[in-house]
Structure formats: C-alpha cells, structure tokens
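So the chains spell out like this:
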Amino acid sequence: MKKLLIVGLLLTAFLAGCKKKTEGDVVYVIDGKGYTLNEILKEMEIPPVQFNALKPEIKKAYLDMWLKNELLYKEALSKGLDRDTLFRKRLEYLKKQLLVNTIFQQLMQNVSTDVSPEEVKNYYDAHKSDYSTERRIAHITVPNEDVAREVIKRLKAGESFSRLVKEYSIDSTTVNSGGVMGWFTRGDFLKFPEFEDTIFNLKKIGDIGGPVQSPYAMGYDVVKLVGKRRLRRPRSFDEVKSDIESLLRYQKQQAAFDSIINGLKEKFNVEEAGGNG
C-alpha cells in the first residue's frame, strides 16, 4: 500500500511537471524576481494564441532568446551604459525615427492608392513606344544634388562625360567604363520610377538627364543616353500590366506624401535660409 502511495505521488509530480504552461506561470526567476510567460510574450509582442500553437522546441527558442536579451540588458545597466553620453544620443535618434515612422503610418493610413483598369491601360497606351525599345545609359553618381548640378553645368559647358565620371563618380563599378551601364527596358526600375522616367525622357543619343536619386547608391545620378534600339518583340500590355499598377500606386502614394509635407512646411513656417553649402 505504501509502495502504491509513493508511485501515485511520483506520477502526480510528473504530470504537474508536464503540465502545459499558462500565461500566468513564472518561467524564469532572475535576482529573486519572477517573470511570467504573459510578461515575456507581451514584451516580445507575441500573442499567446500564436505562441501556444508553436512546437515545443520553437517555444523554447523564443524563451531562450528573451532570457539572453534580458541578461545582456541587466549587465548593460549594471555597467551604467544607460547613462553614457553616446548611448543617450543614439537613443534620442532612435526615438526620433520611431516617432517619424509612427506619424508617417498614421498620416498615410487613409490615403487611397486604388488604381482603375482604365488608368493602367491609359498609361500603357501613352508609353507604348517605351515598351518597344530599350535604352543604354552612362551615369555619374555623386553624393548629393548640389554636386550633380555642378556636373551638369560642366557638361553643358562642353566638358567630357567620361572625364567627369573619373573625377566625380562614386560608383566604382562603372568608373573605368566611362559610367556606361547595361541595356534597360521600361519596367526594369520599377522601384525607382523617377530614375526610369529620367532615362526614358531622353530622346536623342547624347542627351543629359538629372539630377535624379540613384538606384545604386546613396546619392544622385547624372545620366547620358548612349544607346537606343528597338526590341525584337514589344512587351505586351498583359506582360507589364501588374508593373504599371504598382507604379501608379507608388505615384499616388508619393503625391499624397508630398502634399502632406507641403502642408507641414506651412504649419511649421519653414523657410529656405540658403545655408546648405
């Protein structure tokens, strides 16, 4: 009888240890303070329902990750890193960026970027010739818009494009080729519509365009049309329809954002003081 009682107690203890953790259970005790599963999940922004659906090994990986972060955080506090001047500057910058991202989402959440089938077809018809040709350009990538304008001024005065590439361009991959890039068709720079429009607005070989934000580096491009040829088979409407929809949505979003910024400039009395170098 005594043996059966001991077995029963051991079985009860075993089942209790195997019990599924609930959100109120303490998972870790650190320096005498208990941390419940609910607190940890809330800090990690993981809904309990989502966490409970995970495999045991994945749950453990998440909890281990939290523990490592918490230990490193406590060690940083113990060394007074939260009072470090450089840390405080970085924290202020991150706070600013988080607030910027939050207000951006709030201001843009009600912006409509719906695109009708008619808008897509009209765009294709207006740019049909662009979908039957491809362009080749040379470019000079510089750190900012002011330097780009300086380059354009020198080009208009008759200076050699290839020489200015070597003098100015920060794109090391094309410096030795005079800034010459590959062949492009309309839609190749879908995520950089301003850059693509600049390329396809160049009509004659030798035409110069820009300044325009570079798709390859943090900077601005001055571009020159160095080649133009017809495609063997023009790109059909069905081939490019989804690309055009994405482009038009982007343009509507950008227009709405520009309008918001212009309104904020008026609200906060922005004046161009001219001290930008």
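Let me begin by describing the structure that accompanies this report. Within each chain, residues carry numbers counting from 1 in the order of the written sequence. For a predicted model such as this one, the threshold for reporting local features is a pLDDT of at least 70, and the threshold for listing and counting side-chain atom pairs is 80 or more; totals across whole chains, interfaces and linings nevertheless cover every residue. Side-chain numbers here rest on the full set of heavy atoms in the structure, without hydrogens or water.

**Re the pattern of salt bridges**
And step 1. Whenever a carboxyl oxygen of Asp or Glu lies within 4 Å of a side-chain nitrogen of Lys or Arg, that contact is scored as a salt bridge. One pass over the full model with this rule turns up 19 salt bridges.
And step 2. When the shortest N-O distance is used, the salt bridge between Arg154 and Glu167 registers 2.9 Å. With Arg154 in helix H7 (residues 145-156) and Glu167 in helix H8 (residues 161-168), the pair connects residues that are 13 residues apart, well separated along the chain.
And step 3. Each residue is assigned to one of three classes by its accessible area relative to the maximum for its type, calculated with a 1.4 Å probe on protein chains only: buried under 20%, partly exposed between the two thresholds, exposed over 50%. A relative accessible area of 44% places Glu167 in the partly exposed class.
And step 4. Between Arg186 and Glu196 there is a salt bridge, and its shortest N-O distance comes to 3.5 Å. With Arg186 in the loop between strand E4 (180-185) and helix H9 (193-200) and Glu196 in helix H9, this residue pair connects regions lying ten residues apart in the sequence.
And step 5. Taking relative accessible area as the criterion, Glu196 reaches 3% and is therefore assigned buried. Numbering of helices and strands runs from the N terminus; a helix is a DSSP stretch of H or I covering at least four residues, while a strand is a stretch of E covering at least two.

**Description of the sheet that holds strand E5 (residues 208-213)**
And step 1. At least two DSSP bridges between two strands are needed for those strands to be called paired. One open sheet accounts for four strands, arranged E4-E3-E6-E5; its pairing is antiparallel. Looking at the sheet topology across the chains shown, the edges are occupied by E4 and E5. Taking each pair of neighbouring strands and ignoring which way they run, the sheet shows an average axis angle of 35 degrees.
And step 2. Here four bridges tie strand E3 (residues 133-142) to E4, and the two strands are oriented antiparallel to one another. Bridge pairing in E4 places Ala138 opposite Val180.
And step 3. Its contacts with the sheet put H8 on E3, E5 and strand E6 (220-230), and the angle it makes with E3 is roughly 45 degrees.
And step 4. Relative to the sheet, H9 contacts E3, E4, E5 and E6, its axis offset from that of E5 by approximately 180 degrees. Simply put, an axis is a line fit to the C-alpha atoms, just over the touching stretch for a helix, and the angle between two N-to-C directions goes from 0 to 180 degrees. Residues are treated as being in contact if the distance between any of their heavy atoms lies within 4.5 Å.

**What to know about the pairing of strand E1 (residues 26-30)**
And step 1. Across four bridges, E1 lies against strand E2 (residues 33-36) in antiparallel orientation. When the sheet's bridge partners are listed, Tyr28 is paired in E2 with Tyr35.
And step 2. Counting the residues between successive antiparallel strands, the hairpin from E1 to E2 contains two residues, one of them, Asp31, with a positive phi of roughly 50 degrees.

No statement about biological role is implied by the geometric values presented.
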